[in-house]
Amino acid sequence: MRIEENRTFEEIAPGDTAEIVRVCTEDDFYVFATASGNHNPMHLARHDGDGDGRQEAIAPALWVGSLVSAAIGNVLPGAGTLYRAQNFVFKERAHAGDELVARVTVIEKRPPDGLIMATEVIRKSDGAVILTGEAEVQTPPRKMVFEDLEIPGLLIERHRHFDALIERAEPLAPLPTAVIAPEEPKSLGGALLGARHTIIAPILIGNAAKIAAAAAELGAVLDGIEIVDTPDHARAANLAVDLVAEGRAAALMKGHLHTDVMLKAVLRKENGLRAGRRLTHVFVMDVPGVPHPLLVTDAAINIAPDLRTKLDICQNAIDLAISLGIEVPKVGVLSAVETVNPDIPSSLDAALLSKMAERGQITGGMVDGPLAMDNAVDISAARTKGITSQVAGRAEVLVVPNLDSGNMLAKQLAYISHAEGAGVVMGARVPIILNSRSDDDMARLASCAVAALHDARLSGRS
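Residues numbered from 1 in each chain as written. Predicted model: local features only at pLDDT ≥ 70, side-chain atom pairs only at ≥ 80, totals over all residues. Heavy atoms only, no water.

(A) Examining the overall build of the chain more closely. A count of helical and extended segments in the chain gives 13 helices and 16 strands. In terms of principal-axis extent, the alpha carbons of the chain reach across some 90 × 50 × 35 Å. Counting only contacts in the chain whose residues sit at least 6 apart along the sequence, the fraction spanning at least 24 positions is 70%. Within the structure as shown, the chain displays about 21,100 Å² of accessible surface, and the carbon and sulfur contribution to it stands at 52%. Taking the average location of the 44 positive side-chain charges in the chain and that of its 60 negative ones, the two points are 4 Å from each other. (Helix = DSSP H or I, 4+ residues; strand = E, 2+ residues; numbered from the N terminus. Contact = heavy atoms within 4.5 Å. Areas by Shrake-Rupley, 256 points an atom, 1.4 Å probe, with all protein chains shown as cover. Lys, Arg positive; Asp, Glu negative; His and termini not counted. Charge placed at Lys NZ, Arg CZ, Asp CG, Glu CD.)

(B) Quick look at the layout of surface pockets. Its volume calculated, the second largest pocket comes out at about 790 Å³. At the level of elements, β10 (280–286), α12 (403–415) and β15 (420–426) are the ones that each hand at least two residues to the lining of the second largest pocket. (1 Å grid on protein atoms, 1.4 Å probe; cavity = no way out; pocket = protein on both sides within 12 Å on 5 of 7 lines; lining within 4 Å. Points joined across faces, edges and corners; volume = space filled by probe spheres on them.)

(C) Structural detail: helix α4 (residues 185–196). End to end, α4 covers 16 Å across twelve residues, agreeing with the expected 16 Å (1.5 Å per residue, within 8%). For α4, the complete set of buried residues consists of Ser 187, Leu 188, Gly 189, Gly 190, Ala 191, Leu 192, Leu 193 and Gly 194. Residues of α4 that are buried sit in contact with β6 (175–180), β7 (200–206), α5 (208–218), β9 (251–254) and α13 (441–459). Remark: Thr 198 follows α4 within two positions and exhibits a positive phi of approximately 60°. (Expected span 1.5 Å × (residues − 1). Buried < 20%, exposed > 50% of the residue type's maximum accessible area, 1.4 Å probe, protein only.)

(D) Geometry of the packing of helix α6 (residues 233–245) against helix α7 (residues 259–266). Running from amino to carboxyl end, α6 crosses α7 at an angle of 40°, the nearest separation of the two axes being 8 Å. The angle between α6 and α7 falls in the class oblique. The hand of the α6/α7 crossing is right-handed. Packed against α6, whose contacting residues are His 233, Ala 234, Ala 237, Asn 238 and Val 241, the element α7 presents Val 261, Met 262, Ala 265 and Val 266 at the interface. By residue class, the composition of the contact of α6 with α7 is seven nonpolar, two polar and no charged. (Axes fitted to C-alpha atoms, helices over the stretch in contact; angles between N-to-C directions. Parallel < 35°, antiparallel > 145°, perpendicular 65-115°, else oblique. Left-handed = near helix turned anticlockwise from the far one by under 90°. Nonpolar A, V, L, I, M, F, W, Y, C, P; charged D, E, K, R; others polar.)

(E) Main features of unusual backbone geometry. Leu 76 connects to Pro 77 through a cis peptide bond whose omega is 0°. Within the secondary structure, Pro 77 is located in the loop between α2 (61–74) and β2 (82–90). Look at the link from Pro 111 to Pro 112: it is a cis peptide, with omega at 10°. Notably, Thr 198 is not glycine yet its phi reads approximately 60°, a positive angle. Within the element layout of this structure, Thr 198 appears in the loop between α4 and β7. Residue class for Thr 198 comes out partly exposed when judged on its relative accessible area of 36%. One non-glycine residue, Asn 271, lies in positive phi territory at about 55°. By the element assignment, Asn 271 lies in the loop between α7 and β10. The exposure class of Asn 271 is partly exposed, given its relative accessible area of 48%.

Below, the structure is given as structure tokens:
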């Protein structure tokens, strides 16, 4: 929240008003619980605080009240202000995801330095008054100007979204999965981890001696797991596709082989896995501080997609997002700018995709673009640019201009924002689990869960 130039007693008159706008998130409530010691489960997203079978995530009343203090301390009177008294009347409840407006209005000046201010917080979507009250404050003794103050960032909770996906996938029947060339510890370990969580039932296809050596290095036992001894990677990929064609496997998982070798088998003409759309890759990112999974596409397969390919990229991502529990996915099509510029081809593609969604050529989600990264994911940035949209500031799916930008974005989220990324290829007859060699166990397990949830929605497997 920006600190503005403050105002002294002499500069303020009755009727002066100021406001701030804030979207409340589940993470805000966890931070408040930690700072205040109030662990009431009514406010925590993973708990059913009143036993009605639903998780509440109701905003703590005094957290809502703290927005009033932010308006006073940041804007009017601003830096240097101190409280003398404050009362609140709580009229409605706010929930995670609500956009709230905290407003303060000067109603009386009390020399030499006091103000009486009316305070209120309103839910922006419907105008509901969440709280009203009155504050008495001591105005700043002198003029001060601050730039934005640097506040240490907080890493609230990692893997929250992945934990939820894994929890949903574990009760399903294990997804029969052909694992291609799991011939080193990480790729084999990911498949075995998925099996231990009963999310997949792996069939291991590759060099049996190398698979056994990888298992020994992991200290793992392969009893009861089918192994198809096939030293040649191209043949292993083709055998895996054969298992899908025969109905013995319902997913593929990439092991220690080149992606293009696997995709060549997937796209073969005879008994291949084409399903009428281009194959596209989706990163499902669990980003700390973001209240929902963030899908980034395409960052691994299509290098410089044209409009027709981007159409499939959008539709594949929407289909996957729905499988993950996002009822109507909000898709932001990214460009360098948020307005159409004929000199920037990605802005033209974004505008066309948005219009195609309006005309029903893309279904199941809301698509808007062009959007720059800031106004795709941050409501304040979207508001500053004057963008009115159900997607801007709230995007759950980010469609990038090309593979370069998508790969950079995904890795920035992973290495700077401490995100984890599950990788799945869409557009084939079955989901394809595609992980990077650097992915850890959580990313590999979450990728299995994403594939299993998508298969369950499409096939009815339970």
